[in-house]
Amino acid sequence: MKKVLFINASPKSKDTSITLQMADEFITAYKAQNPDDVVTTLNLYDENIQFLDVEDISEFYAPESLRPKVKKNKLNIMKYVDQFVEADRYIIAAPFWNLGTPAILKAYFDYVNISGITFKYTEAGAVGLLGGAGKKVAFIASRGGGYSEGYWKQFELGELGVRTQFKFFGIDDVETVLMEWADVLQGDELKNALALSKRKAREMGARF
């Protein structure tokens, strides 16, 4: 049995979010193939994830000898850290906003970046501590325009940011399913593009 953490970084409902519709197809297909796995949903907006303030930083980035103080942090940060570390699979649903992911996802990553737990510093640089255990990530996103190639690719910081963050944790196995031009396509073109994206999400979920 594997623990799967579904991190929802969309403020919309599934009825109005293309990203969440794709994620739902992915998770349904995954569960069909892996009925014994436990999928836990973490809706970042429901959790009211906060930006770190000065007090949080002084506790959060404290030396490991002061880690018990971090456990008592007002944001209950260690609850999220423990959940993140214990997961075997990660599913991230995050729409493409203003060249990146919603800021709440970065705020969440700020919670789970703890030296000595998810990474460590060495003389050669930072080393991720979550690799080597078969952990992997599915990143699901819709984009209003096209950022996969050509001129606009240089401005794509959503998928790139997620891949970079997990690589920092030591996890290189990141798969992506995208729908582009969501704000441009209309009518049958939009319906067909969404149907194709959902099919790709199902296929990836079935083999993830």
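Please refer to the structure placed before this passage.
Turning next to the packing of helix α1 (residues 18-33) against helix α8 (residues 187-207). As a packed pair, α1 and α8 sit with axes 7 Å apart at the nearest point and diverge in direction by 35 degrees. Along this stretch, α1 crosses α8, giving a crossing that reads as right-handed. Judged by residue contacts, I18, Q21, M22, E25, F26, A29, Y30 and Q33 of α1 engage L194, S197, K198, A201, R202, M204, G205 and A206 from α8. Considered class by class, the residues forming the contact of α1 with α8 number nine nonpolar, four polar and three charged.

Now for the side chain of R89. When you line up the elements, R89 lands in strand β3 (residues 89-93). Despite its burial, R89 pairs with no opposite charge; the closest candidate is D88, at 6.0 Å N-O. There is a polar contact of 2.9 Å between the side chain of R89 and the backbone oxygen of G134. Contact partners of R89, with chain neighbours within four places excluded, come to K2, K3, V4, L5, Y30, G134, K135, K136 and F208.

Looking now at the environment of F166. Following the sequence through the fold, F166 ends up in helix α7 (residues 158-168). Sequence separation between F166 and G128 is 38 residues, and the spatial gap between their C-alpha atoms is 8.4 Å. In this view, F166 contacts F84, Y90, I92, F109, V137, I171 and V174; residues no more than four positions away in its chain are not counted.

Further remarks concern the nonpolar core. Counting 35 residues, the largest nonpolar core has L44, F84, Y90, I92, L105, Y108 and F166 as its most contacted members. Here this core gets seven residues from one element, more than from any other, and that element is helix α6 (residues 103-112). Setting aside chain neighbours within four positions, we find F84 in contact with L5, I7, Y90, Y108, V112, T118, L130, F166 and F169. Core analysis: the second largest hydrophobic core is formed by 22 residues, Y30, V177, M204 and F208 among them.

Rules used in this analysis
Residues numbered from 1 in each chain as written. Predicted model: local features only at pLDDT ≥ 70, side-chain atom pairs only at ≥ 80, totals over all residues. Heavy atoms only, no water. Axes fitted to C-alpha atoms, helices over the stretch in contact; angles between N-to-C directions. Helix = DSSP H or I, 4+ residues; strand = E, 2+ residues; numbered from the N terminus. Left-handed = near helix turned anticlockwise from the far one by under 90°. Contact = heavy atoms within 4.5 Å. Nonpolar A, V, L, I, M, F, W, Y, C, P; charged D, E, K, R; others polar. Buried < 20%, exposed > 50% of the residue type's maximum accessible area, 1.4 Å probe, protein only. Lys, Arg positive; Asp, Glu negative; His and termini not counted. Salt bridge = Lys/Arg side-chain N within 4 Å of Asp/Glu carboxyl O. Polar contact = N/O pair within 3.5 Å; in protein donor to acceptor, adjacent residues only side chain to side chain. Core = buried A, V, L, I, M, F, W, Y, C linked by side-chain atoms within 4.5 Å.

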